[in-house]
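An overview of the molecular structure
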Amino acid sequence: KELNRSMVVFDQEHHTYYLNGKLLHGVTPLIKWAYPLTYSDVPEDVLEKAAERGLLIHEQCELADSLGITPTIQEALVYLEIKKQKGLETLTNEYLVSDNKDIASSIDVVFTDCSIADIKCTSSIHIPNVTLQLSIYAYLFELNNKGVKAGKLYVIWLPKAQYGQPKLMELKRIPTVKVKKVIKTYFADGSRDDVADILDAGLPRTMKAGDRLPQQVIDAQSNLI
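Residues numbered from 1 in each chain as written. Predicted model: local features only at pLDDT ≥ 70, side-chain atom pairs only at ≥ 80, totals over all residues. Heavy atoms only, no water.

Brief notes about helix α5 (residues 176–187)
Between its terminal C-alpha atoms α5 stretches 17 Å, which fits the 16 Å expected from twelve residues at 1.5 Å a residue. Within the span of α5, buried status applies to V179, V182, I183, T185 and Y186. Each buried residue of α5 sits inside an arc of 160 degrees when the element is viewed along its axis, so together they form one side. Residues of α5 that are exposed and point more than 90 degrees away from the buried face comprise V177 and K184. Looking at the buried side of α5, the elements it contacts are α1 (27–34), α4 (127–144) and α6 (192–199). (Helix = DSSP H or I, 4+ residues; strand = E, 2+ residues; numbered from the N terminus. Expected span 1.5 Å × (residues − 1). Buried < 20%, exposed > 50% of the residue type's maximum accessible area, 1.4 Å probe, protein only. Arc of directions from axis to C-beta. Contact = heavy atoms within 4.5 Å.)

Some words on the sheet that holds strand β8 (residues 167–171)
Read across the open sheet, the five strands follow the order β4-β5-β6-β7-β8; overall the sheet is mixed. At either margin of the open sheet sits one strand with a lone partner, and together these are β4 (90–98) and β8. Strand-to-strand, the axes of this sheet are offset by a mean angle of 35 degrees, without reference to chain direction. Alignment of strand β6 (residues 116–120) against strand β7 (residues 153–157), held across five bridges, turns out to be parallel. (Pairing = 2+ DSSP bridges. Axes fitted to C-alpha atoms, helices over the stretch in contact; angles between N-to-C directions.)

Observations regarding the nonpolar core
Taken as a class, soluble globular proteins show a tendency for nonpolar side chains to be buried jointly. Residues L30, I107, I116, L132, I136, F141 and L199 are the most contacted members of the largest nonpolar core, which totals 36 residues. Sorting the residues of this core by element identifies α1, β4, β5 (104–111), α4, β7, α5 and α6 as the ones contributing at least two each. The element contributing the most residues to this core is α4, with nine residues. Discounting chain neighbours no more than four positions away, the residues touching I116 are I107, V109, V110, L134, Y137, A138, K152, L153 and Y154. V78, F111, I119 and I156 belong to the second largest nonpolar core, which has 17 residues in total. (Core = buried A, V, L, I, M, F, W, Y, C linked by side-chain atoms within 4.5 Å.)

Some points on the packing of α5 against α6
Between α5 and α6, whose axes approach to 10 Å, the crossing angle comes to 175 degrees. With respect to α6, the element α5 is oriented roughly antiparallel. In contact with K178, K181, V182 and T185 of α5, α6 contributes D194, V195, I198 and L199. Classifying every residue of the contact of α5 with α6 gives four nonpolar, one polar and three charged. (Parallel < 35°, antiparallel > 145°, perpendicular 65-115°, else oblique. Nonpolar A, V, L, I, M, F, W, Y, C, P; charged D, E, K, R; others polar.)

Describing the packing of aromatic side chains
Taken as a whole, this structure holds five aromatic pairs when the rule is applied. The interplanar angle of 70 degrees and the centroid separation of 6.0 Å between the aromatic rings of Y95 and F141 together place this pair among those described as edge-to-face. One end of the pair, Y95, is in strand β4; the other, F141, is in helix α4, and 46 residues separate them in sequence. Looking at Y95, the relative accessible area reads 8%, which means it is buried. Here F141 falls in the buried class, since its relative accessible area comes to 0%. Three or more aromatic residues joined by ring pairs make a cluster, and in this case those are W33, Y186 and F187. (Phe/Tyr/Trp six-rings, centres within 6.5 Å; stacked < 30°, edge-to-face > 60°.)

Concerning the sheet that holds strand β1 (residues 9–11)
Ordered in space as β1-β2-β3, the three strands form an open sheet in which the pairing is antiparallel. The sheet is open, and its two edges are formed by β1 and β3 (22–24), each paired on a single side. Sheet twist, expressed as the average angle between the axes of neighbouring strands with direction ignored, equals 35 degrees. Sheet topology places β1 next to strand β2 (residues 16–19); three bridges connect them, and they run antiparallel. By the bridge assignment, V9 is partnered in β2 with Y18.

Right, dumping it as structure tokens:
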């Protein structure tokens, strides 16, 4: 199965996207805007080191998929084992998608059944963040490939050993109508409260003993610890 190639040009050095000379927005800034507290208490140098480690893991996973090169780091070997156990075969890596107007990004992995995955190497999985991210990817994937339906949405978690066991998680896709509203709100300089209303993810007005804390509160608590 052949996927359509986007006309968007990716500048890897500056991590920017261009279409006919116009600078497009990436999906990552949108996710940070929607969930601003996720890494607000993490020192910048820690984030930079984590980003370097994540880039290395992503590169080795891509080389293993595209060229069959045996990885030299454990996380990438685990990635291949997870795929084998789940019967997943890679169609392409770093697949560039866009609405050809305002926003563009690259999907970490597209499998042969058109399921899509994002590889995370963080100390914990921020479910709301990656669910929105992958739902936007699925929406853009379908825009770029008319008549093709995106399959399942997966996050592949490859943490350091002290943070937990690597795993593949399937996430529930946010309906396209809501995704489009979030994107529209972002470009209209809307507020985080607007996004919460769209996604029905706002904090409850009252909480009773025994209620589970909302995920964004759990994430903030984890970062503080």
